[in-house]
Amino acid sequence: MKKKFICGFFLLMALSFFLTGCFSTSISKQISNSLAVQLPSEVEIDYEDDHGGFHGDGVTIANVQFQEDEAKEILSQIQNNKDWKPTPLSENIELEFYGGEKNDVYYTSDLAEKNNMPEITDGYWIFIDRYDGEERITEGEELFSESAKNYTAGIYDIETKKLYYFEYDS
C-alpha cells in the first residue's frame, strides 16, 4: 500500500512538471511569436504580467533593451516586415498608451508610464487587434468602439534601442 502511494505521488509530481512545461511559453518566445521578430536568446526582458483574472483578463507589459549589434538585427527585421509602421503612432493608439483628448472626450491611460515608455518619435510600431478571437493588423480604428479590448502591440525606439511590448485583454 505504501509503495503504491509513493509511486502514485511521484507519478503525479512528474505529470504536473510535464504539463506545466508543456503549456508555458517564455516571455521571449511570446514576444517573438506575437510581433514577428526573433529576439536574441540571451536578451534580458523586464516584464510584468497580471493576466489570470476572469477569463484570462489582464495586461502584460515588457521592455527589451538591445545591445548595438542586437539592435541592428531587430531593426532590420522590423524594417523588412510590412506590418510594422514608422512613427508617429496613430491617434487612437497614442490615446491608448499616453491618454489625451479626442472629440471632447478625455482618455486616461498609464500603460506607457507603467512600461517606462517615453514618447517615441523615431521608431516603428505594430498593433494587432485580437477582438473576437481574430488577429488583425490595424491602426486601432475600432479601439474605443469595441465592447472589450484585446490586442498586442509592439513599439521599437531606434534612439534608445528598446522594444516595448503590450498585451491587453479585457
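Reading guide: rules and limits
- Residues numbered from 1 in each chain as written.
- Predicted model: local features only at pLDDT ≥ 70, side-chain atom pairs only at ≥ 80, totals over all residues.
- Heavy atoms only, no water.
- Salt bridge = Lys/Arg side-chain N within 4 Å of Asp/Glu carboxyl O.
- Buried < 20%, exposed > 50% of the residue type's maximum accessible area, 1.4 Å probe, protein only.
- Helix = DSSP H or I, 4+ residues; strand = E, 2+ residues; numbered from the N terminus.
- Polar contact = N/O pair within 3.5 Å; in protein donor to acceptor, adjacent residues only side chain to side chain.
- Contact = heavy atoms within 4.5 Å.

A few points about the pattern of salt bridges
When their charged atoms lie close together, side chains carrying opposite charge are able to pair.
Then, in step 1: A full pass over the atoms with the stated rule returns seven salt bridges.
Then, in step 2: In this structure, the salt-bridge partner of Asp 129 is Arg 136, at a minimum N-O distance of 3.6 Å.
Then, in step 3: Arg 136 gets classed as partly exposed once you look at its relative accessible area, which sits at 25%.
Then, in step 4: For Glu 134, the salt bridge goes to Arg 136, with nearest N and O atoms at 3.7 Å.
Then, in step 5: Ionic contacts of the salt-bridge type, sharing partners, join the residues Asp 129, Glu 134, Arg 136 and Glu 146 into one network.

Overview of the side chain of Thr 87
Then, in step 1: The topology assignment puts Thr 87 in the loop between strand S3 (85-86) and helix H4 (91-98).
Then, in step 2: With a relative accessible area of 14%, Thr 87 lands in the buried category.
Then, in step 3: Within the structure, the side chain of Thr 87 is placed 2.9 Å from the backbone oxygen of Thr 121, a separation counted as a polar contact.
Then, in step 4: Look past the residues within four positions of Thr 87 in its chain and what remains in contact with it is Ile 120, Thr 121, Asp 122, Gly 123, Tyr 124 and Trp 125.

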